[in-house]
Structures are given as structure tokens and as C-alpha cells.
Amino acid sequence: MKSVARVKLLLINPKFPESFWSFSWALENITHDKKAVNSPLGLATLAALTPEGWEITIIDENVEPIDWSFEADLVGVCGMGVQVSRQKEILKHFRQKGCYGIAGGSYASLCPEEYSGCADTVIAGEAERIWPEFCRDFTEGRPKRHYQESGEIDLTLSPAPRHDLLKLDLYQRVSLQFSRGCPYQCEFCDIIVMFGRKPRTKPVEQVGKELDLLRERGVTSVFFVDDNLIGHISKAKELLRYLIDYQERHHTRFSFGTEASINMSADPELMQLFREANFEWVFIGIETPNKEGLKETGKTQNLRGDLLTSIHRIYSYGIGISAGFIVGFDSDDRTIFERQYDFIIASGITVSMVGLLMAIPKTPLYQRLKKAGRLLSTAIQDNTRSSTNIIPLKMTYQELIAGYERLHQRLTENRAIYRRMANKLNSLKNPLGVFDLSLRQKWTYLFRLIGRGILPGGIGRIYWFIRSCLLGLRNPKGLPSMVTDWIAALSLRDYRDRWFNPAKVPLQKVIQLKDFDCRMAKLLLKKLRRYRHQIHIQLPENLYQQLRDEMALFHYTLVEARA
């Protein structure tokens, strides 16, 4: 039997492959002190569920390198679909060192059978009950290979996350959660598969206690990771009223962001509460202006009114919008790319994440396409890359990919960036300010944007940026929004330039550093920084220990040192 006091637990969040969600250009060129956008809430919650007396360490590979020599009894590695490859690499490495490996996270919950051979135990589903059960079994020397949560968790059982184990100053925003589950039935979404259609919420006082902990640590920017914060509208209003009161009582000012559905625009009281609670932005799954596409995927909440009118109504309350769009629905033909472009320009949404339709295992879409024989063997990955695992109906696969890449190219042209800002600022009359930045930070970010983003873009970009500034001068409260939109847009453009144009950069090139001495390796890595995640490096552990800081931007795999 293992003594509880001696158990050393290492929890790891694997590095995400670079995507539009990474905002790599902004993190490296504008906000030098930040390494990632959002903190890993799942691991911080898991740590809070761990028995007292255990020694817990959390490593988020997105903000710090893994210490491969770390001595631990247990190594737990989480992972979303895009992290699976790296998750398995990490598990295999530590198991070879004699550590007990545990796989968890959203993909392990959907596909636990895929971890045979790389994990000793798989934790599938919400962790509040099954993680403490595993911990008891482990200390008693009888852990099972698979723990499956079959019910729905009462969120009052979810403890305050151990944010103290994270390097919070390295994240732009700290993650919190109010609810799980979504009432809608989007065919492509795995949320209802994992969390069900009945939204469950925490008591607002519980959220307040979590905010207390963040306030004590100087955190001012918070992201509610709920997949739909307004899934239960009356509970959402209760939370918003509580947040308004909380900030008044404590004389503090948090800036919030979250995910919500477009039907928030039909409730003026709800939008006013969002504004008063200081929700600066919301992410909305708009998906497509094609009504047939919305019908086929079951996104009925987007069919209840005119989408553009709804978007500009939300802007009128000073709330910014980022949004997800999808191409590749069965009803999409070759005209969808022009229709998406026109809609996104008219919407004014700069952070418009356009992805290819992807069939995630266990979702209704996956089951339907599998039955129809329309699934490809392409591994699940980020849907903002140029591949998918579905066979489209009304165009060829090659036409889908070419149209998708061309759409991104057009959306990140300088004139298109300006046009969206103009359409947004026409409705965003009284935007919420950027409260979590000091005046010095705002000026620093502006000068970095001009020096590293605008001027290198030449006369054309300078011209459209100046026109954007003139828009901001007519609406001074919109200037912070204009600056952040340009930063986000140039991040998306930088990603597009490097990933969608293989003639310019060596995509997924594998470099072996086995024979390099440390000095030569550092010089090589410095020259390759431009390509970041497009380079995959193989190196022995002894060389990695000397290059840990330099390896932060790259994907890498540890290999056996050459004899």
C-alpha cells in the first residue's frame, strides 16, 4: 500500500499545435510577458480534488518547458483532440521512466479505447467523483485501468480550483466555470455528448469564492469557459447580477469574456446585465449565413432572427464579438465561400475563426457520416488547418480546401480588416474599456503594433491603419477596440502566411539534433524561430536539458541518444 504522504503527482497540459486560437504573433510581438491565452482550468480543478498530503505539481507546456527528469509516482496528462499526439508522447516517456501514467481530458472521455499501451489508467468523464475514487484505489494498491463517470455531476461538488499551482502571470486570462451542458443539439458538437443537454450551474456564492482567490492574486481578466453561459437564462441573469454586486462591494473591476449563443440578442435585460457586469466580449458560434446549413446541423437558435441584426444589436450594448464559422456542410456548394466572406465583412467581426466541418467521434455527425461511408481516415486535428475527415457533397474535397484557404486569404487582407472595423464601429457606440491594462501597457502595445505589425506591412497596410485611426478619432471610445482588432487580425494573417503557403515555409519539417553541439543548436533554433510550430525537432534528453528555454516555441520529441 502506498503511503498517502509520499505520493508525488505531476499533472501536465500538453502543448497545443499552433492554430488560429494560439495568437502566436501577438504573444511574441506585442504581449511579451504572456505565453498563452487561457489558463488550464481542468488541471487546477483536478489538483483541488486530490487528497491532502499529496505533493502536486502542474506543468503547462504552453507556458513552460516540461522537466523530463521530474521524479513522480503519478503523471496525469490531459488532452483535447488536437493535443492527443503530444499527450501520448508525454505518457509514454514518463511510463518508460517507471511512473504510473494517467490519461484524462475531453478526448480520453470520448475515446478511452485509444489509450491502450500508453496509459496505465484512463479517467473518462467529469472528474469530481471518479478522480477521488482513483486516488483511493491507488493508495490501496488496486487502481483500475478505466474509470468512467456515467452520471451528471452536481457542480456544488466541484471545489475551488488550485490556481496557486499555476503561473497565472503568464496567461492573458484566467479560466473559471459557472455551468456545464448546453440545451441545443448541434450535430457536430461533442459538448452534449460529454455534458448533456441540461445545463447545470454552480451557486453564485461559489463563483464568488473563486473570484476571491483570483482577486487576492491580482487577477483582473477572467474567461468563463462555459460552452454556453446562457444555456439556462434565468441562472445566467442571477450570475450577472451577482457579478455586478460583487465588483461594487469589493471596489474591484474584473473584465470578463465568455461563450454564448446568438439568442442573447433577443433579451435586452440580459444584454444590459452583460454590460453592467463588464463582459467586454462574447464568443458566438454563428457557423454560417446559409440557413440550409443551420437546419441540417440542428443549430435552430441561429434561425430565430436575422443574424446580422442580432450581431449589431449586441454591439449596441458595447459588447465585442468573436465568432466561429464553418464551411463544408452538406448544403454548401462553391458559392459558400463568397457568402461567408460577405457576411463576415458586414458583421464587423475581426476574430472570425473559420474552420472546416470536422466529424468528432461519438457526435451525431460522426455517426451519420460513418453510416453513409463519408468519413476519411484523416486524424482528428484542429479544424483551422487545411484538412478534414469528411467527404463533402456539393463540391470536391480539393474545391473545399482551396475555397477555404482563399477565404482566409481574403479575410486577412488589409482592406478587409479595415472594412470590418468600420462596420463594427458603426454599431459599437459605447464600447466597454480595456480595464485590465494600465495606461503604460496600452501605449506600449500600440507602439509595438505600429513598429512590428503596421510599418512592416508597407504603404498599403499603413494607409488602411490610418483610415482605421480616423474611424477611432470619430468614436474615441472605440480606439482600444480598433487597436486590439488590428493585433488579432495580424496574428491571423501571420498564421495564414506561414501555414497556407507551403512555397514560403517548410511545413512540418523534421530536424534531428542528435549530432549538434549545444552552441550550434542554439544558433540553428534562433534562425528557425520564424517557423515555430511548423518545425518538429527530434533530440536526446541530455541535449534538451541544455536547450529547454530555446525549445519553448517548437514541437519536439525526445529520442534515444546516438551511441
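Here the residue index of a chain counts from 1 through its sequence in written order. For a predicted model such as this one, the threshold for reporting local features is a pLDDT of at least 70, and the threshold for listing and counting side-chain atom pairs is 80 or more; totals across whole chains, interfaces and linings nevertheless cover every residue. With hydrogens and water set aside, each side-chain value is computed from the structure's full complement of heavy atoms.

**Q** How should the overall build of the protein chain be read in this particular structure?
**A** Per the secondary structure count, the protein chain includes 20 helices and 18 strands. Over its C-alpha trace the protein chain gives a radius of gyration of 23 Å, about what one expects of a compact globule, namely 24 Å for 563 residues. Partly exposed residues are those whose accessible area sits between 20% and 50% of the maximum for their type, while under 20% is buried and over 50% is exposed, using a 1.4 Å probe and protein chains only. The 563 residues of the protein chain split such that 57% are buried. If the 77 positive side-chain charges of the protein chain are averaged to one point and the 64 negative ones to another, these points end up 5 Å apart. Put simply, DSSP marks the helices as runs of H or I at least four residues long and the strands as runs of E at least two long, and each gets a number from the N terminus on. Here the globule rule is a power law, 2.2 Å times the number of residues to the power 0.38, and the radius of gyration is based on C-alpha atoms. Only four residue types enter the tally: Lys and Arg on the positive side, Asp and Glu on the negative side, with His and both chain ends excluded. Charge placement uses NZ in Lys and CZ in Arg. For Asp and Glu, CG and CD serve respectively.

**Q** I tried to follow the pairing of strand E4 (residues 74-77) on my own but got confused; where do I start?
**A** Residues in a regular strand point their side chains to alternate faces of the sheet. Because side chains alternate across E4, one face comprises the buried residues Leu74 and Gly76, and the other comprises Val75 and Val77, equally buried. When DSSP locates at least two bridges between a pair of strands, those strands are taken to pair. Looking at chain direction, strand E1 (residues 8-13) and E4 are connected through four bridges and run parallel. Note that in E4 the partner of leucine 9 across the bridge is leucine 74. Inspection of the sheet shows E4 paired to strand E5 (residues 100-103) by four bridges, in the parallel sense. When the sheet's bridge partners are listed, valine 75 is paired in E5 with glycine 101. Orient the strands so they point away from the viewer; a crossover is then right-handed if the path from the first strand over the helix to the second runs clockwise. As for the winding sense of the linkage, the β-α-β connection from E4 through helix H3 (residues 84-96) to E5 is right-handed.

**Q** Is there a simple way to think about the packing of aromatic side chains in this case?
**A** Two descriptors summarise a pair of aromatic rings, namely the distance from one centre to the other and the angle between the planes of the rings. Stacked, tilted and edge-to-face are the three classes assigned to paired rings of Phe, Tyr and Trp, where Trp is represented by its six-membered ring and a pair needs centres within 6.5 Å; plane angles under 30 degrees give stacked, over 60 edge-to-face, the rest tilted. Applying the stated criterion across every chain yields a total of 25 aromatic pairs. Both rings, one in phenylalanine 134 and one in tyrosine 147, keep their centres 5.7 Å apart while their planes meet at 85°; by these two values the pair is edge-to-face. Here phenylalanine 134, found in helix H5 (residues 127-139), pairs with tyrosine 147, found in strand E7 (residues 146-148); they are 13 residues apart in sequence, far enough to count as distant. Taken individually, phenylalanine 134 and tyrosine 147 each receive the classification buried, so the pair is uniform in this respect. Taking the centre distance of 5.6 Å and the plane angle of 20° together, the rings of phenylalanine 223 and tryptophan 281 count as stacked. One end of the pair, phenylalanine 223, is in strand E11 (residues 221-224); the other, tryptophan 281, is in strand E13 (residues 279-287), with 58 residues separating them in the sequence.

**Q** Can you help me understand helix H14 (residues 397-411) in this one?
**A** The α-helix advances 3.6 residues per turn, and as a result positions three or four apart in sequence lie on the same side. An ideal rise of 1.5 Å per residue puts 21 Å on 15 residues; H14 measures up with 21 Å between its terminal C-alpha atoms. Working rule for contacts: check all heavy atoms of both residues, and any pair within 4.5 Å makes them a contact. On the buried face of H14, the contacting elements are strand E14 (320-327), helix H12 (336-347), strand E15 (352-356), helix H15 (414-427) and helix H18 (479-499). Residue count minus one, scaled by 1.5 Å, sets the expected span of a helix.

**Q** What should I look at first to understand the side chain of aspartate 332 in this one?
**A** By the secondary structure assignment, aspartate 332 is in the loop between E14 and H12. Between Lys or Arg on one side and Asp or Glu on the other, a salt bridge is scored when a side-chain nitrogen of the former is within 4 Å of a carboxyl oxygen of the latter. One buried charge, aspartate 332, has no salt-bridge partner; the nearest side chain with opposite charge is arginine 339, at 5.9 Å. Any N or O atom pair separated by 3.5 Å or less is treated as a polar contact, with the protein-specific requirement of one donor-capable and one acceptor-capable atom, and with residues adjacent in sequence counted only for side-chain atom pairs. A polar atom in the side chain of aspartate 332 sits 3.1 Å from the side chain of asparagine 290. Aside from chain neighbours lying at most four places away, what touches aspartate 332 is Asn290, Ile326, Val327, Lys394 and Met395.

**Q** Is there a simple way to think about the environment of cysteine 118 in this case?
**A** Positionally, cysteine 118 belongs in the loop between helix H4 (106-110) and strand E6 (121-124). By relative accessible area, which is 2% here, cysteine 118 ends up buried. Sequence separation between cysteine 118 and isoleucine 90 is 28 residues; the distance between their C-alpha atoms is 9.1 Å. Not counting the four nearest positions on each side in its chain, cysteine 118 is found in contact with Lys88, Leu91, Lys92 and Arg95.

**Q** Explain a positive patch on the surface to me, please; I cannot follow it from the model alone.
**A** Together, Lys35, Lys526, Lys527 and Arg529 make up a region of like positive charge exposed at the surface. For lysine 526, the position within the fold is in helix H19 (residues 518-528). For patch building, the residue pool is restricted to those with more than 30% relative accessible area and no salt bridge; the joining distance is 9 Å between like charges and 5 Å between nonpolar side chains (Val, Leu, Ile, Met, Phe, Trp, Tyr). In this description, accessible areas are obtained by the Shrake-Rupley approach with a 1.4 Å probe, and a residue is regarded as covered only by the protein chains that are shown.

**Q** What am I meant to see in the packing of helix H11 (residues 307-315) against H12 here?
**A** Angles run from 0 to 180 degrees between N-to-C directions of axes, and those axes are lines fitted to C-alpha atoms, restricted for helices to the stretch in contact. Between H11 and H12, the least distance of the axes is 10 Å, while the angle of their chain directions is 25°. Classified by the interaxial angle, the pair formed by H11 and H12 is roughly parallel. The chirality of how H11 crosses H12 is right-handed. Here Leu307, Leu308, Ile311, His312 and Tyr315 of H11 come into contact with H12, specifically with Phe343, Ala346 and Ser347. The classification used treats Ala, Val, Leu, Ile, Met, Phe, Trp, Tyr, Cys and Pro as nonpolar, Asp, Glu, Lys and Arg as charged, and all other residues, Gly among them, as polar. For the contact of H11 with H12, the residue count by class is six nonpolar, two polar and no charged. Orientation is classified from the angle alone, with under 35 degrees giving roughly parallel, over 145 giving roughly antiparallel, 65 to 115 giving roughly perpendicular, and any other angle giving oblique. Each crossing gets its hand from how the near helix is turned against the far one by less than a right angle, where anticlockwise is left-handed and clockwise is right-handed.

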